[in-house]
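# A structural walkthrough
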Amino acid sequence: LLVHELLAGRPHPETGKFFGKTIAKVHGQTLGIPHEKVRGSKQENDKAVKFHLGMRLEPALEMFPAETKEFLKISETAVTSLVLGDLASKNIFVDIKKVRFLDLERAFVGDPAFDLAFLFCHYLIEVPTDSISVSVEFIANFIDSYRQKMKEYLKDEEAKKIENRVIRFLGITILYRIFGFYLVVNAKQNEEFWKLTAHKMLTDKKSNSLVDVLHRLNLVELT
């Protein structure tokens, strides 16, 4: 249902607060989680990261190798948590007041910023162009709720660093979805626009407000 609604241009921004709080609980409660509880060992986790995250990095590493490698070094030193790894509408089931996540075979211990960026990428490029502003509203609600909940687990400064990494990972995941091997149904925008936009996100070292960045890059005005 979530997938069909997204493709139809109905991102349901009111759900952002629920999802933001829920994902913050997943990340917050698993900060510093031992590798043994997810992949069995650091060695196995490294293999999972290399495979599951690695394939998402290929377009960015091919187009912007220096910038991507520079950012990855920063991400590798970040606070770690359980990363669901494939957080997208197709893998989220909502049942009354509960939410269940599927495809956890892609889970790993790593930078929680990746989960948010991967989810938001779908909300930006899978909707019809005239619905992007509604997706941005979803993202704003999600980020606000996520930020508020994460205050229980992280200091404000660390939370701001996470949001900057979300921005930069979003650039990487946009390249992965647009220029990878996936059929993106509603992304009819110019590929050069997305490539330029993704590069600006990937190289943004200062911003800690994703919503401000989306407005500044004129994504909301694509309608």
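Secondary structure summary: the protein chain contains nine helices and four strands in total. Tracing the protein chain from N to C terminus, the helices and strands come up as α-α-α-α-β-β-β-β-α-α-α-α-α. Taking 223 residues into account, the globule formula puts the C-alpha radius of gyration at 17 Å, and the protein chain, at 16 Å, falls close to it. Summarising its shape, the C-alpha atoms of the protein chain cover approximately 45 × 45 × 35 Å along the three principal directions. The buried share of the protein chain, reckoned over its 223 residues, is 52%. Side chains of the protein chain give 32 positive and 30 negative charges; the mean places of these two sets differ by 4 Å.

What follows is about the pairing of strand β2 (residues 92-95). Pairing of β2 with strand β3 (residues 98-101), which is carried by four bridges, proceeds in the antiparallel orientation. Counted as the bridge partner of I92 is F101 from β3. Between β2 and β3, which pair antiparallel in sequence order, lie two residues; one of them, I96, sits at a positive phi of approximately 55 degrees.

So, about helix α3 (residues 42-63). For α3, which comprises 22 residues, the first-to-last C-alpha distance of 30 Å matches the rise-based estimate of 32 Å (1.5 Å per residue) to within 8%. Taken as a whole, α3 carries its principal kink of about 50 degrees at G54. Among the residues of α3, those classed as buried are N45, A48, H52, L53, G54, R56, L57, P59 and A60. Close packing links the buried residues of α3 with α4 (65-76), β4 (108-110), α5 (113-125) and α7 (156-179).

Here the protein chain averages 90 in pLDDT, and 94% of its residues register 70 or above. Between the elements of the protein chain, mean pLDDT differs from a low of 78, seen in β3, to a high of 97, seen in strand β1 (residues 81-83).

Moving on, we come to the packing of aromatic side chains. Counted under the stated rule, the structure contains twelve aromatic pairs. For the ring pair F193 and W194, a centre distance of 5.5 Å and an interplane angle of 75 degrees mean the geometry is edge-to-face. The ring of F118 has R56 lying over it, and the distance from NZ or CZ to the ring centre is 4.6 Å.

Moving on to the side chain of S81. Among the structural elements, S81 can be located in strand β1. Looking at S81, the relative accessible area reads 0%, which means it is buried. Excluding residues that lie within four positions of it along the chain, S81 makes contacts with H27, T30, L31, I33, F108, V109, G110 and P112.

Let us look at helix α6 (residues 132-150). With 19 residues, α6 extends 26 Å from end C-alpha to end C-alpha; this agrees with the ideal 27 Å at 1.5 Å per step. For α6, the complete set of buried residues consists of I132, S135, V136, F138, I139, N141, F142, I143, S145, Y146, K149 and M150. Taken together, the buried residues of α6 touch α2 (16-29), α5, α7 and α9 (210-216).

With that settled, consider the pattern of salt bridges. Summed over all chains, the structure comprises 14 salt bridges. Here the salt bridges do not stand alone but share partners, grouping R56, D86, K90 and R106 into one network.

What counts as what
- Residues numbered from 1 in each chain as written.
- Predicted model: local features only at pLDDT ≥ 70, side-chain atom pairs only at ≥ 80, totals over all residues.
- Heavy atoms only, no water.
- Helix = DSSP H or I, 4+ residues; strand = E, 2+ residues; numbered from the N terminus.
- Rg over C-alpha atoms; globule rule 2.2 N^0.38 Å.
- Buried < 20%, exposed > 50% of the residue type's maximum accessible area, 1.4 Å probe, protein only.
- Lys, Arg positive; Asp, Glu negative; His and termini not counted.
- Charge placed at Lys NZ, Arg CZ, Asp CG, Glu CD.
- Pairing = 2+ DSSP bridges.
- Expected span 1.5 Å × (residues − 1).
- Bend = angle between axes of the 7 residues up to and from the residue.
- Contact = heavy atoms within 4.5 Å.
- pLDDT = per-residue confidence, 0-100.
- Phe/Tyr/Trp six-rings, centres within 6.5 Å; stacked < 30°, edge-to-face > 60°.
- Lys NZ or Arg CZ within 6 Å of the ring centre and 35° of its normal.
- Salt bridge = Lys/Arg side-chain N within 4 Å of Asp/Glu carboxyl O.

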